[in-house]
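If you want the building blocks of each chain, they are given just below.
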Amino acid sequence: MTAIAQFVREYLLAVQFFTRIPVTGRLAEWVGYSPELLRASAGHFPGVGILAGIAAAAAYALFQAMLPDTTFTPLVAAAFSTAATVLLTGGFHEDGLADVADGLGGSYDKDRALQIMKDSRVGAFGAMALVLAVLCKVSLLAILGSVEGLPTGWGEWEEAPFATWYVCAALMTGHVVSRGLPLLLIYLLPHVGDTVASKSKPLADQIGPGSLLVGLAWCFGVLALATLALDALNLVVACSFAVLALLWMGRLFKRRLQGFTGDCLGATQQVCEIAFYLGLAVSL
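Just so it is clear, the structure is predicted and the values come from calculations on it, not from any experiment.

Student: I'm lost on the pattern of salt bridges in this one. Help?
Tutor: Once the charged atoms of two side chains with opposite charge are near each other, the side chains can pair. Summed over the entire model, instances satisfying the criterion amount to 2 salt bridges. For D119, the salt bridge is made with R121, and the minimal N-O distance between the two is 2.8 Å. Taking the relative accessible area as the measure of exposure, D119 reaches 26% and is therefore partly exposed. Given the relative accessible area of 63%, R121 is considered exposed. A salt bridge links K137 to E273; the nearest nitrogen and oxygen atoms lie 3.5 Å apart. With K137 in helix α8 (residues 124-146) and E273 in helix α13 (residues 262-283), this pair connects stretches of sequence that are 136 residues apart. Given a relative accessible area of 4%, K137 falls into the buried group.

Student: For this particular structure, what's the right way to read helix α5 (residues 73-89)?
Tutor: Owing to its 3.6 residues per turn, the α-helix aligns residues three or four sequence positions apart on the same side. Helix length check: α5, at 17 residues, gives a terminal C-alpha distance of 25 Å against a target of 24 Å (1.5 Å per residue), a fit within 8%. The set of residues buried in α5 consists of T73, P74, A77, A78, S81, T82, A84, T85, L88 and T89. Looking straight down α5, one finds its buried side chains confined to an arc of 165 degrees; they lie on one side. One or two steps after α5, the chain reaches G90, where phi turns positive at roughly 75 degrees.

Student: Could you clarify how one ought to interpret the packing of helix α4 (residues 45-66) against helix α11 (residues 209-226) in this entry?
Tutor: Two quantities define a packed helix pair, namely the angle between the helix axes and the distance between the axes. Across the interface, α4 lies against α11 with an axial gap of 7 Å and an inter-helix angle of 40 degrees. Comparing their axes, α11 and α4 come out oblique. Residues P46, G47 and I50 of α4 pack against G215, W218, C219 and V222 of α11. Grouping the constituent residues of the contact of α4 with α11 by class yields 5 nonpolar, 2 polar and no charged.

Student: What's the story with unusual backbone geometry in this structure? I'm lost.
Tutor: Only a minority of non-glycine residues have a phi that is not negative, and only a minority of peptide bonds are not trans. Its identity is not glycine, yet Q258 carries a phi of approximately 60 degrees, on the positive side. Here Q258 is to be found in the loop between α12 (232-256) and α13. The exposure class of Q258 is partly exposed, given its relative accessible area of 39%.

Student: Before we go on, may I ask you to explain the side chain of R256 in this structure?
Tutor: Looking at the element boundaries, R256 is found in helix α12. No salt bridge forms around the buried R256; measuring N to O, its nearest opposite-charge neighbour D109 is 9.0 Å away. At a separation of 2.5 Å, a polar atom in the side chain of R256 contacts the main-chain carbonyl oxygen of S107. Apart from the residues within four sequence positions on either side, R256 is in contact with L104, S107, Y108 and K110.

Student: Could you clarify how one ought to interpret the environment of L104 in this entry?
Tutor: Mapped onto the elements, L104 comes out in helix α6 (residues 92-106). As a C-alpha pair, L104 and F125 span 21 residues in sequence and 8.8 Å in three-dimensional space. Contacts of L104, omitting those with residues within four sequence positions, involve L252, F253, R256 and L257.

Student: How do you make sense of helix α7 (residues 110-118) when you look at a structure like this?
Tutor: Here α7 has its buried residues at A113, L114, I116 and M117. Taken down its axis, α7 places every buried residue within 160 degrees of arc, on the same side. Among the exposed residues of α7, those oriented more than 90 degrees off its buried face are D111 and K118. Turning to α7, the residues buried within the fold contact α6 and α13. If you check the start of α7, you find a side-chain oxygen 3.3 Å away from the backbone N of D111, and it comes from D109.

Reading guide: rules and limits
- Residues numbered from 1 in each chain as written.
- Predicted model: local features only at pLDDT ≥ 70, side-chain atom pairs only at ≥ 80, totals over all residues.
- Heavy atoms only, no water.
- Salt bridge = Lys/Arg side-chain N within 4 Å of Asp/Glu carboxyl O.
- Buried < 20%, exposed > 50% of the residue type's maximum accessible area, 1.4 Å probe, protein only.
- Helix = DSSP H or I, 4+ residues; strand = E, 2+ residues; numbered from the N terminus.
- Expected span 1.5 Å × (residues − 1).
- Arc of directions from axis to C-beta.
- Axes fitted to C-alpha atoms, helices over the stretch in contact; angles between N-to-C directions.
- Parallel < 35°, antiparallel > 145°, perpendicular 65-115°, else oblique.
- Contact = heavy atoms within 4.5 Å.
- Nonpolar A, V, L, I, M, F, W, Y, C, P; charged D, E, K, R; others polar.
- Lys, Arg positive; Asp, Glu negative; His and termini not counted.
- Polar contact = N/O pair within 3.5 Å; in protein donor to acceptor, adjacent residues only side chain to side chain.

Take a look at the structure:
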């Protein structure tokens, strides 16, 4: 099998695992399955972010175009954009954020925290984390969509409706970068908890340098394209905020859990995505 075919198989398996997009029939038979293939597919986590970014950007642009031009239009468009990504992924990462908040908020004991995180019910800490995360994400996107003049990759300033294109580019980049950074947690921290029942089973054995490089290649490729729409300095600030969020989450998991779980990866994706939009907004 050629390297390109193997690359496509790994990517489609990542799509099947991380989204609700069906990969069935003959296509599923061609993709196949093996523990090694599933483990290698982790490197395509950021690539799946491209699909999430497309869904988010399309929803934002659609509602921005359909609704009257008011102060609250970017806010409504951002809300529907967020809903589109939840539908695409099945709330996979939001569920991880809620479980981590319940576990770490409910107990300082490692084993008890891990036990709480396995509970499918959402507690008070999880509910608060979800509400605050959605509010932060939607509000920050609304800010980006409300700025009347935005810096482009060519150093010029454009007036709205260029803001719509700016937000769409931010969504694409944010979804990819926020899915690439958690790969560093997998690479650097041990997996803890029940690996048999865990949602991160394909990642439990750690990822190799090759898969990590594939993930970073997805990120750098999208960041290079993003410079066509987003100012390079703004991107640097946004990525710096996302990296700081990753470091904070990694330190938290190392101190409290001595490792990571699948829920930790989902929570990290959400926090890094919000941090990326925050950095982009602050840099403006």
